[in-house]
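Overview (structure and organization)
Listed here are the chains, written in short residue letters.
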Amino acid sequence: MSSNVNLYLFDEMSFECESLYLCCRRADVRLTVETCMSSSPIHKKELTVRITDDADPLFLYSVAIGEEDFQSLKSQQGLLVDFSAFPQKFIDLLEQCILEQGKQVPRFLIQLVTSSPALDCMPAYLNVVETNPFKHLTHLSLKLLAGSDSDIKKYLAICIKNLKMENIMLEDKLHRSDEGLSKRLTVTQQALAEKSKELDKLQNEWTSQITSLTNKYSQEITAEKEKVLRVQAQYQLQHEQQKKEMEATFNRKVRHLETRVSEFETINKDLTEKKYKSESSVRELKSKFAGLEEEYQRAKQEVLSLQRENSTLDTECHEKEKLLNHLRTRIAVLKQEVKDKEQVVIRSTDVCESAQEHKKKLEESLEMKQLQIRKFETTVKSISEELLKGNEIIKKLQGEMKKLMEKMKLKNAVTLQQEKILGEKEQTVQKERLELSNVKQALQQKEEEVLKLQEQLDITVQKLEESKQLLKTNENVISWLNKQLNENKIASMHGASGHSDTPCAGSATNSAALQYGLVSISVFSKQFTMNSYLYIHLTTLQRVQHLVNFFFPPVLSRTMLPKQGNPPVISAYFPGQHSRLPAS
């Protein structure tokens with residue numbers, strides 16, 4: 001990573017009086033951070049930090065930090081980061097400094113403390129400092145060494161190489177761009193020449209068409225003017241004749257028209273009364289409509305509350321058994337609210353039906369009025385040709401009727417809006433019903449899951465009881481077997497003392513049988529302890545059979561008598577019984 005960083009340079013100036021003077025200046029410097037593998041003597045990962053100045057090529061400070069150097073730096077400065085994460089954290093600090101460098105009082109600073117130029121061998125210190133009103137905290141301080149002549153030469157060689165590569169790339173780009181622009185220029189010049197030729201042709205055609213059209217239309221205009229003058233003179237003569245006739249007839253029909261005017265005035269009064277009545281009905285409808293709008297807003301608020309309750313229900317469904325009673329009560333409340341809403345919808349439908357009936361009545365009255373208006377228009381047309389005053393009165397009446405028609409149109413629009421609102425209310429009610437059905441289905445599923453869990457619990461309880469009973473039976477069987485073993489041992493000891501007066505051959509056989517019995521008891525006791533873990537999963541009957549077969553197998557004990565000419569005696573020996581003496 002390499003970026004331009006604005007840092008503060010502190011130069012230490014020494015004087016003869018053995019005191020230091022710090023010279024602070026702010027400069028833009030290139031800081032590069034890179035990781036590399038060192039080849040000598042062992043391959044190790046190193047972090048190199050280099051500070052250079054583009055304006056001053058001899059300005060070079062660098063440091064290479066290995067894992068061992070980092071451990072000492074970590075112990076000295078109290079760092080909490082490993083060597084693998086240190087480069088990224090250092091880059092993050094530098095990025096914060098870059099973000100803060102444009103401010104007047106930056107929070108994070110990068111300081112480079114160098115010695116005087118006379119002391120070239122002295123190192124420089126790169127400090128990442130966080131400023132606050134109380135104290136300047138140094139997060140990291142790196143010791144940088146000034147570049148030697150060989151280092152500066154290597155750095156300058158790398159810079160020259162990079163500049164040459166950039167120069168070659170820029171020359172290639174320039175060459176390509178020149179070729180592309182020259183091609184575009186030739187194409188645009190050719191297109192310009194073609195367009196200029198087409199423009200000349202169009203201008204010539206346009207001028208020829210304009211001249212031909214002006215000649216044609218000038219002749220036609222003169223002919224039309226002459227015709228208009230002739231027609232105008234004829235119409236003036238006809239108008240004067242009609243005017244004289246109308247003046248003659250006007251004097252005859254003035255009286256008749258005056259009577260008609262009085263009749264029209266009475267009819268006009270009746271119409272105005274009807275108009276006021278219709279306006280009052282319109283006001284009533286508006287008030288009803290306002291009430292319906294309020295009910296609709298209340299229904300909307302109830303729908304929002306229901307949606308919130310549904311969201312709470314969805315979260316509460318995950319609590320299974322604890323919240324089932326609460327959900328049932330909530331469903332009952334929702335059903336009551338739905339019933340209330342259905343009643344509200346029924347009321348609104350009744351109001352709409354009454355409004356529609358009123359609308360039908362108004363339409364009938366409108367049709368009657370329109371018939372009357374048509375009759376009046378026929379009479380008025382005949383009078384308008386004769387009387388100007390009658391025309392003015394009829395125009396006023398027509399304007400009033402138009403206003404009435406507009407009012408009726410408004411009423412129709414209001415009724416249509418009410419119907420739309422009712423349709424939307426029905427849709428919301430249907431959505432709420434669907435949501436209720438979904439909640440019911442979810443509750444049924446939860447109840448089924450609870451039943452399944454209860455069944456599984458019952459099964460597990462039964463299995464536990466069976467296992468307890470099996471354990472009890474096993475303990476009883478083991479205790480019974482231990483008792484029998486003890487009794488057999490005691491009986492065998494008494495049998496050995498009772499038969500001590502018998503011949504030597506019998507005593508020998510009995511002692512061998514007793515020894516065999518004791519050995520068999522010890523063996524099968526060990527086998528019983530080993531196999532007691534194996535027959536846990538068997539039933540009680542199978543376990544009893546297994547134990548009987550284990551403790552009482554038919555064993556053929558072959559006892560050998562001493563070599564006195566007698567044949568060997570074969571006797572059946574069962575563990576836990578008295579030893580049989582051979583028949584003499």
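Basis of the calculations
Residues numbered from 1 in each chain as written. Predicted model: local features only at pLDDT ≥ 70, side-chain atom pairs only at ≥ 80, totals over all residues. Heavy atoms only, no water. Helix = DSSP H or I, 4+ residues; strand = E, 2+ residues; numbered from the N terminus. Buried < 20%, exposed > 50% of the residue type's maximum accessible area, 1.4 Å probe, protein only. Contact = heavy atoms within 4.5 Å. Areas by Shrake-Rupley, 256 points an atom, 1.4 Å probe, with all protein chains shown as cover. Salt bridge = Lys/Arg side-chain N within 4 Å of Asp/Glu carboxyl O. UniProt positions renumbered as here; feature names shortened; annotations may be inferred. pLDDT = per-residue confidence, 0-100. Core = buried A, V, L, I, M, F, W, Y, C linked by side-chain atoms within 4.5 Å. Phe/Tyr/Trp six-rings, centres within 6.5 Å; stacked < 30°, edge-to-face > 60°. 1 Å grid on protein atoms, 1.4 Å probe; cavity = no way out; pocket = protein on both sides within 12 Å on 5 of 7 lines; lining within 4 Å. Points joined across faces, edges and corners; volume = space filled by probe spheres on them. Nonpolar A, V, L, I, M, F, W, Y, C, P; charged D, E, K, R; others polar. Expected span 1.5 Å × (residues − 1). Patch = residues over 30% accessible without salt bridge, like charges linked within 9 Å, V, L, I, M, F, W, Y side chains within 5 Å. Pairing = 2+ DSSP bridges.

The number of helices and strands found in the protein is seven helices and nine strands. Here the protein holds 584 residues, and the buried ones make up 24% of them. Taking the contacts inside the protein whose residues are at least 6 apart along the sequence as the reference set, 53% of them involve residues at least 24 apart. Carbon and sulfur atoms provide 57% of the accessible area of the protein, an area that totals close to 44000 Å².

This part takes up the pattern of salt bridges. Two side chains carrying opposite charge are able to pair once their charged atoms lie near each other. Applying the stated criterion across every chain, the model contains eight salt bridges. A salt bridge links glutamate 432 to lysine 341, with the shortest nitrogen-to-oxygen separation between them at 2.9 Å. Of this pair, glutamate 432 sits in helix α5 (residues 388-498) while lysine 341 sits in helix α4 (residues 324-384), and the two are 91 residues apart along the sequence. Accessibility assignment for this pair places glutamate 432 and lysine 341 in one class, buried.

UniProt's feature table lists "domain: SAS-6 coiled-coil" (unreviewed entry) at residues 149-177, given in the numbering used throughout. The distance separating the terminal C-alpha atoms of residues 149-177 is 41 Å; by composition the span is 100% helix and 0% strand.

Further remarks concern the confidence of the model for the protein. Counting all residues, the mean pLDDT for the protein is 76, and 77% of those residues have values of 70 or more. Considering only residues more than four positions removed or in separate chains, one finds that residues 499-538, a stretch of pLDDT under 50, has 42 contacts. Scored below 50 in pLDDT, residues 554-584 makes 43 contacts in the model with residues more than four places away or belonging to other chains.

This next bit is on the nonpolar core. Ile51, Phe90, Leu126 and Leu142 are the most contacted members of the largest nonpolar core, which totals 29 residues. Mapped by element, the contributors of at least two residues to this core are β2 (20-38), β3 (44-52), β4 (60-65), α1 (67-77), α2 (86-100), β5 (108-114), β6 (124-131) and β7 (136-146). Look past the residues within four positions of phenylalanine 90 in its chain and what remains in contact with it is Val33, Val49, Leu126, Val128, Leu140 and Leu142. Counting residues in hydrophobic clusters, the runner-up holds eleven residues, among them Leu324, Leu327, Ile331 and Val338.

What makes lysine 341 buried here is its relative accessible area of 10%. Not counting the four nearest positions on each side in its chain, lysine 341 is found in contact with Glu302, Val303, Leu306 and Glu432.

For the coordinates displayed, the defined rule picks out four aromatic pairs. Ring geometry for phenylalanine 70 and phenylalanine 86: centres 4.9 Å apart, planes at 50 degrees, overall tilted. Highlighted residues: phenylalanine 70 in helix α1 and phenylalanine 86 in helix α2, separated in sequence by 16 residues. Relative to phenylalanine 90, the ring of phenylalanine 86 lies with its centre 6.1 Å away and its plane at 15 degrees, an arrangement referred to as stacked. Here phenylalanine 86 pairs with phenylalanine 90, and both are found in helix α2, just four residues apart, close to one helical turn. Judged by relative accessible area, which is 6%, phenylalanine 86 ranks as buried.

On to the environment of leucine 285, then. Here leucine 285 is to be found in helix α3 (residues 149-316). Exposure remark for leucine 285: the relative accessible area of 21% places this residue in the partly exposed category.

Over the atoms, a rolled probe matching the size of one water molecule traces out where space is still vacant. Counting across every chain of the model gives eleven cavities of 30 Å³ or more. The computed volume of the largest cavity comes to approximately 280 Å³. Looking at the largest cavity, it is lined by 18 residues, and the ones nearest its centre are Leu271, Ile373, Phe376, Leu397 and Met401. Elements with a contribution of two residues or more to the lining of the largest cavity: α3, α4 and α5. Partitioning the lining of the largest cavity into residue classes produces ten nonpolar, four polar and four charged.

Turning our eyes to something else, we now look at α2. Helix length check: α2 (15 residues) gives 21 Å between terminal C-alpha atoms against 21 Å at 1.5 Å per residue, within 8%. Along α2, the residues that are buried comprise Phe86, Pro87, Phe90, Ile91, Leu93, Leu94, Cys97 and Glu100.

A word on a nonpolar patch on the surface. The grouping of Leu213, Tyr217 and Ile221 at the surface amounts to a nonpolar patch, some 300 Å² of accessible area in total. Here leucine 213 lies in helix α3.

When a strand is regular, its side chains alternate between the sheet's two faces. Bridge count for β3 against β4 is six bridges, and the pairing is antiparallel. Pairing of threonine 48 across the sheet is with alanine 64, part of β4. Bridge count for β4 against β7 is two bridges, and the pairing is antiparallel. Its bridge partner lying in β7, tyrosine 61 is registered against alanine 146.

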